Amino acid sequence: MLCIGLAKTGEAVASALTRAGDTVTVVEERPGGPGYAERAAAVRALGAVLIEAPDAPSLAAAVDAAELVVPSPGVRPTHPAIDRALTRGVPVRSELDLAAERITAPLVAVTGTNGKTTTTDLITRILMAAGRRVVCGGNIGTPLIALTEAAATADVVVAEVSSFQLEFTTARFRPTVAVLLNVADDHLDWHGSLDAYAAAKAKVFTHQQEHDVLVVNADDAGALTLSEKAPSRLVPVTLHPPRSGAWTGDDTSLRDANGAVVIEIAALRRSLPHDRTNALCAAAAADALGPVGADHAKIAQALAAYEAMPHRVELVAEHGGVRWYDDSKATNPHAALRAIEAFPSAVLLAGGLNKDLDLGALRAGAQHLRAVVAIGAAAEEVEHAFAGLRPVVRAGSMQDAVREAARLAEAGDAVLLSPGCASFDMYPGGYTERGDD
């Protein structure tokens, strides 16, 4: 078996397969960085062969010697090793796929452009409130293949799955309950097109069967269109006028498909529109699990206790009548727009490293903004997006951006860091470092 990449997932794959008795070779094209030496020593101690910075002939030879190629999630589908494997008929399967065939407990898989970590966490907490033995992993933290031993005694396995992980899944990946939150422009620099990105997302339900369940956010056009191809039973979720069989929500309550109230909105600690959608999707997924799921009382208990995760429209401070929110996790325009539209009047901090996405989409939220502070490599694109619509100033650092936002904001406003871009132009540590700053 050939594993491409020795980050967290690569180490987990090498460990699982060598312990299972497979002969494993790991290729790392850019050795180094935090924790690399420890990971390299660990896989060598397991008996795996580690090839560092291979040239093209060495990489080709490693593929030719393999019976299976497992790319890490960051490895593009156009990678020469994947291209050679597919050309030569060598199977290419993701870590997610390998894990799924080893898991016998019901599997809940959550994907979407935005909201998947929160929804995965919500489902896990609901099931724990119901007394279920739950294993949670995937894109949310621990690679799923590293959890297969723990999953053997679990009632349910809950996984956040990304488009990168779904790209190379087979019929072995068949969630009992799949959740599709939304599909919007993101990671086009990796997938190449929105169609290719959507096709990867669709693999969350492609291999389901008619008695499996797909929970879909029916308010998202991209997700709803994809769901029409699903072979499984559809459970829609909507905040708009009810549709048949849908779980619904409004300003007063969240309700199941029969119209029964699951929880009053007043009982939630935060209830922005996307919070309600995430809560409904999590509740519907937990309900769909039947005997190993949760009843309405336990769903309500978990939802009422839930606090938003850091860097996701997180209230940081209030000063002079202005509330300051860290939404650094909003690394694409779709996520930023959802946050913008939750406030009647805000000063937006936006920009960073654009992922080949159209920042002009942010214009749709202009009526909710008093002004914009543009930051990072995409500052000019942000400025162009709001030209003629709202005042825009540029800032060279987060400190300058905060000063400018304080100057522009008025009592009753929100200041919202919702960048719509990745963070690596200014923050090597990612969106968490940006939000902390």
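To start, this report covers the structure provided alongside it.

What counts, and where the lines are drawn
- Sequence order sets the numbering: in each chain, residues are counted from 1 along the sequence as written.
- In keeping with the model being predicted, local features are shown solely for residues with a pLDDT of at least 70 and side-chain atom pairs are shown and tallied solely at 80 or more, while totals for entire chains, interfaces and linings include all residues.
- Calculated side-chain values reflect all of the structure's heavy atoms, with hydrogen atoms and water omitted.
- Each patch is assembled from residues with relative accessible area greater than 30% and no salt bridge, linking like charges that lie within 9 Å and nonpolar side chains (Val, Leu, Ile, Met, Phe, Trp, Tyr) that lie within 5 Å.
- Throughout, the Shrake-Rupley method with a 1.4 Å probe supplies accessible areas, and for residues the shown protein chains are the sole cover considered.
- Counted as salt bridges are all cases of a side-chain nitrogen of Lys or Arg within 4 Å of a carboxyl oxygen of Asp or Glu.
- Neither His nor the chain ends contribute to the count of charged residues, in which Lys and Arg are positive and Asp and Glu negative.
- For this purpose, a charge sits on NZ of Lys, CZ of Arg, CG of Asp or CD of Glu.
- For helices the rule is a DSSP run of H or I covering at least 4 residues; for strands it is a run of E covering at least 2, with both sets numbered from the N terminus onward.
- Using a 1.4 Å probe on the protein chains alone, a residue whose accessible area is under 20% of its type maximum counts as buried, one over 50% counts as exposed, and one in between counts as partly exposed.
- Definitions used for this entry: grid spacing 1 Å over protein atoms alone; cavity, a set of points where a 1.4 Å probe fits but cannot get out; pocket, an open set with protein on both sides within 12 Å along at least 5 of 7 lines; lining residue, one with an atom within 4 Å of a point.
- Grid points are joined across faces, edges and corners, and a volume is the space filled by probe spheres set on the points.
- When DSSP finds at least two bridges between two strands, those strands are taken to pair.
- Note on geometry: axes are C-alpha line fits, over the in-contact stretch for helices, and angles between N-to-C directions span 0 to 180 degrees.
- Directions are taken from the helix axis to each C-beta atom, and the arc is the one they span.
- What makes two residues a contact is simply this: any of their non-hydrogen atoms within 4.5 Å.
- Each residue receives one of three labels: charged for Asp, Glu, Lys and Arg, nonpolar for Ala, Val, Leu, Ile, Met, Phe, Trp, Tyr, Cys and Pro, and polar for the others, Gly being one of them.
- Put simply, a nonpolar core is a bunch of buried Ala, Val, Leu, Ile, Met, Phe, Trp, Tyr and Cys residues held in one set by side-chain atoms that sit within 4.5 Å of each other.
- Each residue after the first adds 1.5 Å to the expected span of a helix.

**Focus: a negative patch on the surface**
Judged by side-chain charge, Glu-314, Glu-433, Asp-436 and Asp-437 come together as a negatively charged surface patch. Mapped onto the fold, Asp-436 is located in helix H17 (residues 431–436).

**Some thoughts on the pattern of salt bridges**
Taken as a whole, this structure holds 20 salt bridges when the rule is applied. With a closest N to O distance of 3.2 Å, Arg-102 and Glu-101 form a salt bridge. Residue classification places Arg-102 among the partly exposed residues on the basis of a relative accessible area of 34%. The partly exposed category is assigned to Glu-101, whose relative accessible area is 30%.

**Structural notes on the layout of surface pockets**
In this structure, the second largest pocket encloses a volume near 600 Å³. For the second largest pocket, the lining is made up of 33 residues, of which Arg-270, His-274, Asp-275, Ala-308 and Arg-312 are closest to its centre. Every element with two or more residues in the lining of the second largest pocket is listed here: helix H6 (116–129), helix H12 (273–288), strand E14 (314–319), strand E15 (322–326) and helix H14 (333–340).

**As for the sheet that holds strand E4 (residues 69–71)**
The strand order across the open sheet formed by 4 strands is E3-E2-E1-E4, and the pairing between neighbours is parallel. Either end of the sheet is taken by a strand with one partner, and the two such strands are strand E3 (49–52) and E4. Pairwise comparison of adjacent strand axes, ignoring direction, gives a mean angle of 20° for this sheet. Taken together, the 3 bridges between strand E1 (residues 2–4) and strand E2 (residues 25–28) define a ladder with parallel strand orientation. Within E2, the position partnered with Ile-4 by the bridge is Val-27.

**Points about helix H3 (residues 56–64)**
Every buried residue of H3 is accounted for by Leu-59, Ala-60, Ala-62 and Val-63. Along H3, the residues classed as buried sweep out an arc of 160° about the axis, all on the same side. Those residues of H3 hidden inside the fold are in contact with E1, E2, E3 and helix H4 (80–88).

**Observations regarding empty space enclosed by the protein**
Gaps left between atoms are located by rolling a probe of water-molecule size over the structure's atoms. Overall, the coordinates contain 1 cavity of 30 Å³ or more when judged by the stated rule. Here the lining of the largest cavity is built from residues that sort into 7 nonpolar, 4 polar and 1 charged.

**A look at the sheet that holds strand E17 (residues 369–375)**
The strand order across the open sheet formed by 6 strands is E14-E15-E19-E16-E17-E18, and the pairing between neighbours is mixed. The strands lining the two open edges of the sheet, one partner per strand, are E14 and strand E18 (392–394). On average, each strand axis in the sheet is tilted by 20° relative to the strand beside it, whichever way the strands run. The sheet contact formed by E17 and E18 spans 3 bridges and is parallel. By the bridge assignment, Val-372 is partnered in E18 with Val-392. Each of E15, strand E16 (346–351), E17, E18 and strand E19 (414–417) touches helix H16 (residues 398–408); the most contacted strand, E17, lies at about 165° to it.

**Re unusual backbone geometry**
Of note, the phi angle at His-311 is positive, near 70°, even though the residue is not glycine. When you line up the elements, His-311 lands in the loop between helix H13 (296–305) and E14. A positive phi angle is found at Asp-356, which is not glycine, with a value near 60°. Mapping Asp-356 onto the fold places it in the loop between E16 and E17.

**Some thoughts on the nonpolar core**
If you look at the biggest cluster of nonpolar residues, it comprises 48 residues, and the most contacted ones within it are Met-1, Leu-144, Val-157, Val-161, Phe-173, Val-204 and Phe-205. When residues no more than four places from it in sequence are discounted, the contact partners of Phe-173 are Leu-96, Asp-97, Ala-100, Leu-107, Ala-109, Val-161, Leu-166, Lys-203, Val-204 and His-207. Judged by nonpolar contacts, the second largest core, of 38 residues, contains Ile-126, Leu-127, Leu-268 and Ala-283.

**Quick word on H6**
Along an α-helix, residues three or four apart share an orientation, since each turn contains 3.6 residues. Under the 1.5 Å per step criterion, the end-to-end length of H6 is 20 Å for 14 residues, consistent within 8% with the ideal 20 Å. Most of H6 is tucked away: 11 of the 14 residues are buried. In the segment just after H6, Gly-131 is the residue with positive phi, at about 85°.

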